[in-house]
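Summary of structural features
Chain residues, written in single-letter form:
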Amino acid sequence: LEAAEIHGFREFGIPAGCRPLHLAAFGAPDSHHVSALLLEARAHAGARVLGRHMSASAAYVAASYGSIEAARWWIEHHPFMLQERNPFGGTSSFTTAALLRCSASDMLAELLHLRACPRTGSGQHARRDAALLNVCLKEDSDPAAVVLLLEARCSPDVAVA
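Below or above, wherever it landed, is the structure these notes cover.

Analysis parameters
- Residues numbered from 1 in each chain as written.
- Predicted model: local features only at pLDDT ≥ 70, side-chain atom pairs only at ≥ 80, totals over all residues.
- Heavy atoms only, no water.
- Buried < 20%, exposed > 50% of the residue type's maximum accessible area, 1.4 Å probe, protein only.
- Helix = DSSP H or I, 4+ residues; strand = E, 2+ residues; numbered from the N terminus.
- Arc of directions from axis to C-beta.
- Contact = heavy atoms within 4.5 Å.
- Core = buried A, V, L, I, M, F, W, Y, C linked by side-chain atoms within 4.5 Å.
- Salt bridge = Lys/Arg side-chain N within 4 Å of Asp/Glu carboxyl O.
- Polar contact = N/O pair within 3.5 Å; in protein donor to acceptor, adjacent residues only side chain to side chain.
- Patch = residues over 30% accessible without salt bridge, like charges linked within 9 Å, V, L, I, M, F, W, Y side chains within 5 Å.
- Areas by Shrake-Rupley, 256 points an atom, 1.4 Å probe, with all protein chains shown as cover.
- Phe/Tyr/Trp six-rings, centres within 6.5 Å; stacked < 30°, edge-to-face > 60°.

**Looking at helix H8 (residues 143-151)**
Within an α-helix, residues lying three or four positions from one another point in the same direction, as the helix has 3.6 residues per turn. Those residues of H8 not exposed but buried are Ala-145, Leu-148 and Leu-149. Buried residues of H8, seen end-on, are gathered within an arc of 95° and therefore sit on one face of the element. Facing away from the buried side of H8 by more than 90 degrees, the exposed set consists of Pro-143 and Glu-151. For H8, the elements touching its buried residues are helix H5 (93-100), helix H6 (105-113) and helix H7 (130-137).

What follows is the structure, encoded as structure tokens:
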């Protein structure tokens, strides 16, 4: 017998393999309280979503998709996770936040404050400055994020690799 493939709840945007920590990281500004309770109950902080297009910890999920407060809490408690890469494409939470957030400047500013590297690359399309490419690529204009990344010394002449 073949094992059934699990796809998650696509209609809600929940990838397969999410655990309670990941779901809390997607959540509201005070969701870090839920994360703390789960960690006290011995949830594995480094556990990864193992979906089709994503393999990421709860910290990556919080920085990429969650609230600023949740991202701050995760990175303050697990700073090594700021350097985490999604093996599907080699993206960091910083470059993913630049692409997927409607108004990315607030989260990018917080991640820079927490010592994210603004010039990080992506395995998908750039060796460096992938966040600037992502901000310029997305459908909704985000001039504040462009200004922030240029001030962080991203190159306005970076080319897609």
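**Section: the nonpolar core**
Residues Ile-75, Phe-94, Leu-108, Leu-111, Val-135 and Leu-149 are the most contacted members of the largest nonpolar core, which totals 20 residues. Of all the secondary-structure elements, those providing two or more residues to this core are helix H4 (68-77), H5, H6, H7 and H8. Excluding its chain neighbours within four sequence positions, the residues that come into contact with Leu-149 are Phe-94, Leu-108, Ala-131, Leu-132, Val-135 and Cys-154. Formed by 13 residues, the second largest nonpolar core is a distinct cluster that contains Leu-21, Ala-56, Ala-58 and Met-81.

**Regarding the side chain of Ser-31**
Structurally, Ser-31 is set in helix H2 (residues 31-40). Contact partners of Ser-31, with chain neighbours within four places excluded, come to Ala-24 and Ala-70.

**Structural notes on the environment of Ala-159**
Considering the arrangement of structural elements, one finds Ala-159 in the segment after H8. Spatially, the C-alpha atom of Ala-159 lies 8.2 Å from that of Leu-133, the residues being 26 residues apart in sequence. Every residue in contact with Ala-159, bar those within four places of it in the chain, is listed here: His-125 and Leu-133.

**Some words on the pattern of salt bridges**
Here the structure, examined in full by the defined rule, presents five salt bridges. Close ionic contact of Glu-84 with Arg-48 constitutes a salt bridge, the shortest N to O distance being 2.9 Å. Highlighted residues: Glu-84 in the loop between H4 and strand S5 (85-86) and Arg-48 in the loop between H2 and strand S3 (49-50), separated in sequence by 36 residues. By relative accessible area, Glu-84 is classed as buried at 10%. Take Arg-48: its relative accessible area is 28%, and that puts it in the partly exposed class.

**Details of the side chain of Ser-67**
As for its placement among the helices and strands, Ser-67 is situated in the loop between helix H3 (58-65) and H4. The buried category is assigned to Ser-67, whose relative accessible area is 12%. At 3.0 Å, the side chain of Ser-67 and the backbone nitrogen of Ala-70 are in polar contact.

**Structural notes on a nonpolar patch on the surface**
A surface patch of nonpolar side chains, amounting to about 360 Å² of accessible area, comprises Tyr-65, Leu-99, Leu-100 and Leu-137. Summarising the element assignment, Leu-137 is placed in helix H7.

**Examining the packing of aromatic side chains**
Geometrically, a pair of aromatic rings is defined through the distance of the ring centres and the angle of the planes. For the structure on display, the rule yields two aromatic pairs. Ring centres of Trp-73 and Trp-74 lie 5.2 Å apart, and the angle between their planes is 90°; on these two criteria the pair is classed as edge-to-face. A residue is classified by how much of its surface remains accessible, and Trp-73, at 13% relative accessible area, is buried.

Nothing here speaks to function; it is all geometry.
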